[in-house]
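One letter stands for each residue in the lines below.
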Amino acid sequence: TLENRSVEAVGRMLKALEKRGEEGERGERVVVMTGAGISTSAGIPDFRSPTTGLYANLARLNLPYAEAVFDIAYFRNNPLPFYTLAQELYPGKYRPTITHSFIRLLHDKGILLKLFTQNIDCLEREAGVPGDKIVEAHGSFARQSCIECKTAYPEQGMKDAIREKRVPRCVDKACNGLVKPEIVFFGEQLPAEFFANRDLPTQAHLCIVMGTSLSVQPFAGLPALCREETPRVLLNMEQVGGIGSRPDDVLVLGDCDAGVRKLAEAAGWLEELEALWART
Ligand code: APR
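Quantities reported herein were computed from a predicted structural model and do not represent experimental measurements. (Residues numbered from 1 in each chain as written. Predicted model: local features only at pLDDT ≥ 70, side-chain atom pairs only at ≥ 80, totals over all residues. Heavy atoms only, no water.)

Draft legend 1. Representation of the overall build of the protein chain in the model. Along the backbone of the protein chain there are nine helices and eight strands. The globule rule puts the C-alpha radius of gyration for 280 residues at 19 Å, and the 20 Å found for the protein chain is close to it. Taken over the C-alpha atoms alone, the protein chain extends approximately 60 × 40 × 35 Å along its principal axes. Looking at the protein chain as a whole, 51% of its 280 residues are labelled buried. Partitioning the contacts of the protein chain with sequence separation of at least 6, the portion at a separation of at least 24 is 65%. If you sum the accessible surface of the protein chain, you get close to 12500 Å²; carbon and sulfur atoms cover 52% of it. A gap of 3 Å separates the mean positions of the 33 positive and 37 negative side-chain charges of the protein chain. (Helix = DSSP H or I, 4+ residues; strand = E, 2+ residues; numbered from the N terminus. Rg over C-alpha atoms; globule rule 2.2 N^0.38 Å. Buried < 20%, exposed > 50% of the residue type's maximum accessible area, 1.4 Å probe, protein only. Contact = heavy atoms within 4.5 Å. Areas by Shrake-Rupley, 256 points an atom, 1.4 Å probe, with all protein chains shown as cover. Lys, Arg positive; Asp, Glu negative; His and termini not counted. Charge placed at Lys NZ, Arg CZ, Asp CG, Glu CD.)

In C-alpha coordinates, the structure reads:
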(Lines give C-alpha, C1' and ligand atoms only; values in the text may rest on other atoms or scores of the structure.)
Protein backbone atom coordinates (compact mmCIF):
# COMPACT_ATOMS: atom_id res chain seq x y z
CA THR A 1 0.00 0.00 0.00
CA LEU A 2 1.00 3.66 -0.23
CA GLU A 3 1.48 3.64 3.56
CA ASN A 4 3.84 0.66 3.57
CA ARG A 5 5.95 2.16 0.77
CA SER A 6 6.08 5.47 2.67
CA VAL A 7 6.96 3.80 5.97
CA GLU A 8 9.81 1.99 4.18
CA ALA A 9 10.96 5.32 2.74
CA VAL A 10 10.92 6.93 6.20
CA GLY A 11 12.90 3.94 7.54
CA ARG A 12 15.52 4.48 4.85
CA MET A 13 15.71 8.18 5.74
CA LEU A 14 16.20 7.37 9.45
CA LYS A 15 19.04 4.98 8.60
CA ALA A 16 20.64 7.50 6.25
CA LEU A 17 20.51 10.22 8.93
CA GLU A 18 22.01 7.79 11.47
CA LYS A 19 24.82 7.00 9.00
CA ARG A 20 25.49 10.73 8.42
CA GLY A 21 25.76 11.14 12.17
CA GLU A 22 28.27 8.27 12.37
CA GLU A 23 30.34 9.88 9.58
CA GLY A 24 30.57 12.96 11.79
CA GLU A 25 28.26 15.07 9.63
CA ARG A 26 25.43 16.74 11.48
CA GLY A 27 22.92 13.91 11.67
CA GLU A 28 20.67 15.82 14.08
CA ARG A 29 17.95 16.63 11.60
CA VAL A 30 14.77 15.06 13.02
CA VAL A 31 12.26 17.37 14.75
CA VAL A 32 9.52 15.66 16.77
CA MET A 33 6.23 17.28 17.89
CA THR A 34 4.01 15.52 20.41
CA GLY A 35 0.78 15.79 22.38
CA ALA A 36 -1.24 13.88 24.97
CA GLY A 37 -1.90 10.97 22.58
CA ILE A 38 1.60 9.57 23.20
CA SER A 39 0.85 9.16 26.93
CA THR A 40 -2.62 7.57 26.76
CA SER A 41 -1.17 4.04 26.74
CA ALA A 42 0.71 5.00 29.94
CA GLY A 43 -2.69 5.55 31.56
CA ILE A 44 -2.89 9.36 31.28
CA PRO A 45 -6.09 10.46 29.49
CA ASP A 46 -5.69 12.89 26.60
CA PHE A 47 -7.93 15.97 26.40
CA ARG A 48 -10.21 15.66 23.40
CA SER A 49 -10.79 11.97 22.64
CA PRO A 50 -14.62 11.70 22.63
CA THR A 51 -15.30 9.39 25.62
CA THR A 52 -11.96 8.86 27.32
CA GLY A 53 -10.62 12.44 27.00
CA LEU A 54 -10.23 14.63 30.07
CA TYR A 55 -12.61 17.26 28.78
CA ALA A 56 -15.39 14.66 28.48
CA ASN A 57 -14.87 13.58 32.09
CA LEU A 58 -14.80 16.80 34.11
CA ALA A 59 -18.57 16.94 34.76
CA ARG A 60 -17.94 16.22 38.45
CA LEU A 61 -16.10 19.55 38.74
CA ASN A 62 -19.16 21.45 37.42
CA LEU A 63 -17.09 23.83 35.30
CA PRO A 64 -18.80 26.42 33.05
CA TYR A 65 -16.91 24.70 30.16
CA ALA A 66 -14.25 21.96 30.25
CA GLU A 67 -11.19 24.05 29.33
CA ALA A 68 -11.94 26.41 32.23
CA VAL A 69 -9.95 23.99 34.41
CA PHE A 70 -6.82 25.33 32.64
CA ASP A 71 -8.00 28.93 32.24
CA ILE A 72 -6.06 31.55 34.23
CA ALA A 73 -9.05 33.88 34.76
CA TYR A 74 -11.22 31.00 36.00
CA PHE A 75 -8.36 29.67 38.18
CA ARG A 76 -8.00 33.08 39.90
CA ASN A 77 -11.70 32.95 40.74
CA ASN A 78 -11.87 29.23 41.63
CA PRO A 79 -8.60 27.22 41.85
CA LEU A 80 -10.21 24.10 43.36
CA PRO A 81 -11.15 22.24 40.13
CA PHE A 82 -7.52 22.47 38.93
CA TYR A 83 -6.16 21.26 42.28
CA THR A 84 -8.64 18.38 42.26
CA LEU A 85 -7.39 17.36 38.79
CA ALA A 86 -3.71 18.05 39.62
CA GLN A 87 -3.68 15.04 41.93
CA GLU A 88 -4.39 12.74 38.94
CA LEU A 89 -2.02 14.56 36.58
CA TYR A 90 0.97 15.04 38.91
CA PRO A 91 4.04 13.25 37.46
CA GLY A 92 5.71 10.29 39.14
CA LYS A 93 3.13 7.50 38.94
CA TYR A 94 3.38 6.67 35.22
CA ARG A 95 5.85 4.71 33.09
CA PRO A 96 6.95 6.11 29.71
CA THR A 97 5.49 4.40 26.63
CA ILE A 98 7.43 2.77 23.79
CA THR A 99 6.71 5.99 21.86
CA HIS A 100 8.67 7.97 24.48
CA SER A 101 11.47 5.38 24.14
CA PHE A 102 11.43 5.83 20.34
CA ILE A 103 12.17 9.55 20.82
CA ARG A 104 14.99 8.62 23.23
CA LEU A 105 16.34 6.20 20.57
CA LEU A 106 16.42 9.02 17.98
CA HIS A 107 18.59 10.96 20.45
CA ASP A 108 20.81 7.94 21.19
CA LYS A 109 21.37 7.57 17.43
CA GLY A 110 22.47 11.22 17.23
CA ILE A 111 19.67 12.33 14.90
CA LEU A 112 17.21 14.15 17.22
CA LEU A 113 17.42 17.90 16.63
CA LYS A 114 14.61 18.88 19.03
CA LEU A 115 11.43 17.52 20.63
CA PHE A 116 8.57 20.00 20.99
CA THR A 117 6.03 18.60 23.45
CA GLN A 118 2.70 19.94 24.68
CA ASN A 119 2.67 17.42 27.52
CA ILE A 120 3.19 18.25 31.19
CA ASP A 121 3.74 14.66 32.37
CA CYS A 122 7.57 14.77 32.06
CA LEU A 123 7.55 11.24 30.58
CA GLU A 124 10.00 12.31 27.86
CA ARG A 125 12.59 13.11 30.53
CA GLU A 126 11.82 9.85 32.36
CA ALA A 127 12.41 7.99 29.07
CA GLY A 128 15.91 9.52 28.98
CA VAL A 129 15.52 12.34 26.44
CA PRO A 130 17.99 15.00 27.70
CA GLY A 131 16.46 18.28 28.91
CA ASP A 132 18.36 20.35 26.33
CA LYS A 133 16.61 18.40 23.56
CA ILE A 134 13.11 19.08 24.91
CA VAL A 135 10.95 22.20 24.54
CA GLU A 136 8.03 21.89 26.98
CA ALA A 137 5.83 24.32 25.05
CA HIS A 138 3.02 24.24 27.63
CA GLY A 139 5.33 24.25 30.65
CA SER A 140 5.36 21.46 33.22
CA PHE A 141 4.96 20.64 36.91
CA ALA A 142 8.74 21.06 37.32
CA ARG A 143 8.34 24.49 39.00
CA GLN A 144 5.53 26.46 40.72
CA SER A 145 5.12 30.10 41.70
CA CYS A 146 2.68 32.76 42.86
CA ILE A 147 0.51 34.01 39.99
CA GLU A 148 0.52 37.55 41.43
CA CYS A 149 4.11 38.30 42.54
CA LYS A 150 5.84 35.33 40.76
CA THR A 151 7.65 34.30 43.98
CA ALA A 152 8.79 30.67 43.67
CA TYR A 153 7.06 28.06 45.82
CA PRO A 154 8.84 25.00 47.31
CA GLU A 155 8.32 21.68 45.51
CA GLN A 156 7.63 19.70 48.69
CA GLY A 157 4.99 22.25 49.71
CA MET A 158 3.32 21.79 46.33
CA LYS A 159 3.40 17.98 46.59
CA ASP A 160 1.86 18.17 50.10
CA ALA A 161 -0.86 20.58 48.96
CA ILE A 162 -1.74 18.41 45.93
CA ARG A 163 -1.82 15.27 48.04
CA GLU A 164 -4.07 16.96 50.61
CA LYS A 165 -6.13 18.74 47.91
CA ARG A 166 -5.27 22.07 49.55
CA VAL A 167 -4.80 25.28 47.51
CA PRO A 168 -1.28 26.61 48.25
CA ARG A 169 -0.82 30.37 48.69
CA CYS A 170 2.18 32.66 48.26
CA VAL A 171 5.06 32.26 50.74
CA ASP A 172 4.93 36.06 51.11
CA LYS A 173 1.99 36.51 53.48
CA ALA A 174 1.66 40.16 52.51
CA CYS A 175 0.91 38.94 48.98
CA ASN A 176 -1.00 35.71 49.77
CA GLY A 177 -1.60 35.17 46.03
CA LEU A 178 -2.56 31.80 44.53
CA VAL A 179 0.28 29.40 43.69
CA LYS A 180 0.18 27.51 40.37
CA PRO A 181 2.55 25.04 38.71
CA GLU A 182 4.28 26.60 35.69
CA ILE A 183 1.89 24.90 33.29
CA VAL A 184 0.77 27.25 30.53
CA PHE A 185 -2.92 27.99 31.10
CA PHE A 186 -5.23 29.38 28.44
CA GLY A 187 -4.68 33.14 28.58
CA GLU A 188 -0.98 32.81 29.49
CA GLN A 189 2.14 33.27 27.34
CA LEU A 190 4.13 30.20 26.24
CA PRO A 191 7.68 30.01 27.66
CA ALA A 192 10.36 32.10 25.92
CA GLU A 193 12.12 28.83 25.10
CA PHE A 194 9.29 27.96 22.67
CA PHE A 195 9.80 31.15 20.65
CA ALA A 196 13.60 30.86 20.88
CA ASN A 197 13.45 27.44 19.17
CA ARG A 198 10.60 28.07 16.74
CA ASP A 199 12.93 28.29 13.71
CA LEU A 200 14.20 24.73 14.19
CA PRO A 201 11.49 23.06 12.07
CA THR A 202 12.90 25.01 9.08
CA GLN A 203 16.23 23.15 9.62
CA ALA A 204 14.64 19.70 9.85
CA HIS A 205 15.19 17.01 7.19
CA LEU A 206 12.38 14.93 8.74
CA CYS A 207 9.46 15.94 10.97
CA ILE A 208 7.55 13.40 13.09
CA VAL A 209 4.23 14.52 14.65
CA MET A 210 2.64 12.15 17.21
CA GLY A 211 -0.47 12.01 19.40
CA THR A 212 -1.84 15.51 19.01
CA SER A 213 -5.04 17.06 17.64
CA LEU A 214 -2.97 20.14 16.61
CA SER A 215 -5.89 22.24 17.87
CA VAL A 216 -4.07 24.75 20.11
CA GLN A 217 -2.01 27.63 18.69
CA PRO A 218 0.80 28.61 18.45
CA PHE A 219 2.06 25.01 18.86
CA ALA A 220 -0.31 23.79 16.12
CA GLY A 221 1.52 26.03 13.63
CA LEU A 222 4.86 24.19 14.00
CA PRO A 223 4.46 21.48 11.29
CA ALA A 224 3.66 24.12 8.65
CA LEU A 225 7.07 25.76 9.33
CA CYS A 226 8.86 22.74 7.80
CA ARG A 227 10.25 23.33 4.30
CA GLU A 228 8.30 21.83 1.39
CA GLU A 229 11.03 19.20 0.84
CA THR A 230 10.90 18.00 4.46
CA PRO A 231 8.69 14.90 4.85
CA ARG A 232 6.19 15.28 7.71
CA VAL A 233 5.20 11.93 9.25
CA LEU A 234 1.96 11.86 11.29
CA LEU A 235 1.50 9.04 13.82
CA ASN A 236 -2.00 9.68 15.15
CA MET A 237 -5.42 8.03 15.51
CA GLU A 238 -6.84 10.63 13.14
CA GLN A 239 -5.55 12.91 10.38
CA VAL A 240 -4.98 16.41 11.81
CA GLY A 241 -3.41 19.78 11.15
CA GLY A 242 -3.41 19.64 7.36
CA ILE A 243 -0.72 16.95 7.40
CA GLY A 244 -1.22 14.90 4.26
CA SER A 245 -1.67 18.03 2.15
CA ARG A 246 1.94 17.96 0.88
CA PRO A 247 3.25 15.31 -1.59
CA ASP A 248 5.99 14.09 0.81
CA ASP A 249 3.71 13.90 3.90
CA VAL A 250 3.32 10.39 5.34
CA LEU A 251 0.22 9.34 7.32
CA VAL A 252 0.58 6.39 9.71
CA LEU A 253 -2.90 6.48 11.22
CA GLY A 254 -3.72 4.39 14.30
CA ASP A 255 -2.10 3.80 17.67
CA CYS A 256 1.24 5.64 17.92
CA ASP A 257 2.88 2.76 19.82
CA ALA A 258 2.15 0.54 16.79
CA GLY A 259 3.31 3.34 14.49
CA VAL A 260 6.73 3.76 16.14
CA ARG A 261 7.22 -0.02 15.95
CA LYS A 262 6.57 0.17 12.19
CA LEU A 263 9.11 3.00 11.77
CA ALA A 264 11.67 1.22 13.97
CA GLU A 265 11.25 -2.01 11.98
CA ALA A 266 11.69 -0.09 8.69
CA ALA A 267 14.93 1.39 10.10
CA GLY A 268 16.16 -1.98 11.42
CA TRP A 269 15.92 -0.70 15.01
CA LEU A 270 12.95 -2.70 16.36
CA GLU A 271 14.92 -5.08 18.59
CA GLU A 272 16.96 -2.17 19.99
CA LEU A 273 13.79 -0.18 20.64
CA GLU A 274 12.03 -3.03 22.46
CA ALA A 275 15.15 -3.63 24.59
CA LEU A 276 15.45 0.10 25.41
CA TRP A 277 11.80 0.34 26.43
CA ALA A 278 12.06 -2.88 28.49
CA ARG A 279 14.81 -1.15 30.53
CA THR A 280 12.71 2.01 31.03
N1 APR B 1 -2.18 6.76 19.44
C2 APR B 1 -2.27 7.73 18.48
N3 APR B 1 -3.04 8.85 18.63
C4 APR B 1 -3.71 8.97 19.80
C5 APR B 1 -3.66 8.01 20.83
C6 APR B 1 -2.84 6.87 20.61
N7 APR B 1 -2.73 5.90 21.53
N8 APR B 1 -4.46 8.45 21.86
C9 APR B 1 -4.99 9.63 21.47
N10 APR B 1 -4.55 9.94 20.23
C11 APR B 1 -4.81 11.16 19.44
C12 APR B 1 -6.24 11.65 19.48
O13 APR B 1 -6.98 11.05 18.42
C14 APR B 1 -6.05 13.14 19.26
O15 APR B 1 -5.94 13.44 17.87
O16 APR B 1 -4.03 12.18 20.05
C17 APR B 1 -4.70 13.43 19.91
C18 APR B 1 -4.83 14.05 21.30
O19 APR B 1 -5.37 15.34 21.12
P20 APR B 1 -5.73 16.22 22.42
O21 APR B 1 -6.50 15.37 23.38
O22 APR B 1 -6.33 17.49 21.91
O23 APR B 1 -4.31 16.52 23.11
P24 APR B 1 -3.27 17.61 22.66
O25 APR B 1 -3.21 17.73 21.16
O26 APR B 1 -2.00 17.30 23.36
O27 APR B 1 -3.90 18.97 23.29
C28 APR B 1 -3.19 20.16 23.07
O29 APR B 1 -4.69 21.37 24.53
O30 APR B 1 -5.86 21.32 26.51
C31 APR B 1 -4.76 21.84 25.88
O32 APR B 1 -2.74 22.53 26.84
C33 APR B 1 -3.51 21.39 26.59
O34 APR B 1 -1.41 20.65 25.67
C35 APR B 1 -2.82 20.51 25.56
C36 APR B 1 -3.34 21.07 24.25
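Draft legend 2. Structural view of the pattern of salt bridges. For the structure shown, the criterion picks out 18 salt bridges. In this structure, Lys159 engages Glu155 in a salt bridge whose closest nitrogen and oxygen atoms are separated by 3.1 Å. Of this pair, Lys159 and Glu155 are both found in helix H6 (residues 155-163), four residues apart, which corresponds to roughly one turn of the helix. According to the relative accessible area criterion, Lys159 is partly exposed, its value standing at 32%. Here the salt bridges share partners, and the residues they tie into one network are Asp160, Arg163, Glu164 and Arg166. (Salt bridge = Lys/Arg side-chain N within 4 Å of Asp/Glu carboxyl O.)

Draft legend 3. How the structure looks around the packing of helix H4 (residues 98-108) against helix H9 (residues 270-278). Here H4 crosses H9 at 115°, and the two axes come no closer than 9 Å. Accordingly, the angle class assigned to the pair H4 and H9 is roughly perpendicular. The chirality of how H4 crosses H9 is right-handed. Residues Ile98, Ser101, Phe102, Arg104, Leu105 and Asp108 of H4 pack against Glu272, Leu273, Glu274, Leu276 and Trp277 of H9. (Axes fitted to C-alpha atoms, helices over the stretch in contact; angles between N-to-C directions. Parallel < 35°, antiparallel > 145°, perpendicular 65-115°, else oblique. Left-handed = near helix turned anticlockwise from the far one by under 90°.)

Draft legend 4. Structural view of the sheet that holds strand S1 (residues 30-34). Spatially, the six strands line up as an open sheet ordered S3-S2-S1-S6-S7-S8, and their pairing is parallel. Where the open sheet ends on each side, the last strands, each with one partner, are strand S3 (134-136) and strand S8 (250-253). Direction aside, neighbouring strands of the sheet carry axes that sit 15° apart on average. Two elements, strand S6 (residues 206-210) and strand S7 (residues 232-236), share four bridges in a ladder whose sense is parallel. Bridge assignment links Ile208 to a residue of S7, and that residue is Val233. Packing of helix H1 (residues 2-22) onto the sheet brings it into contact with S1, S6, S7 and S8, and relative to S8 it is tilted by some 110°. Against the sheet, helix H8 (residues 256-267) contacts S6, S7 and S8, and its axis sits at roughly 140° relative to S7. (Pairing = 2+ DSSP bridges.)

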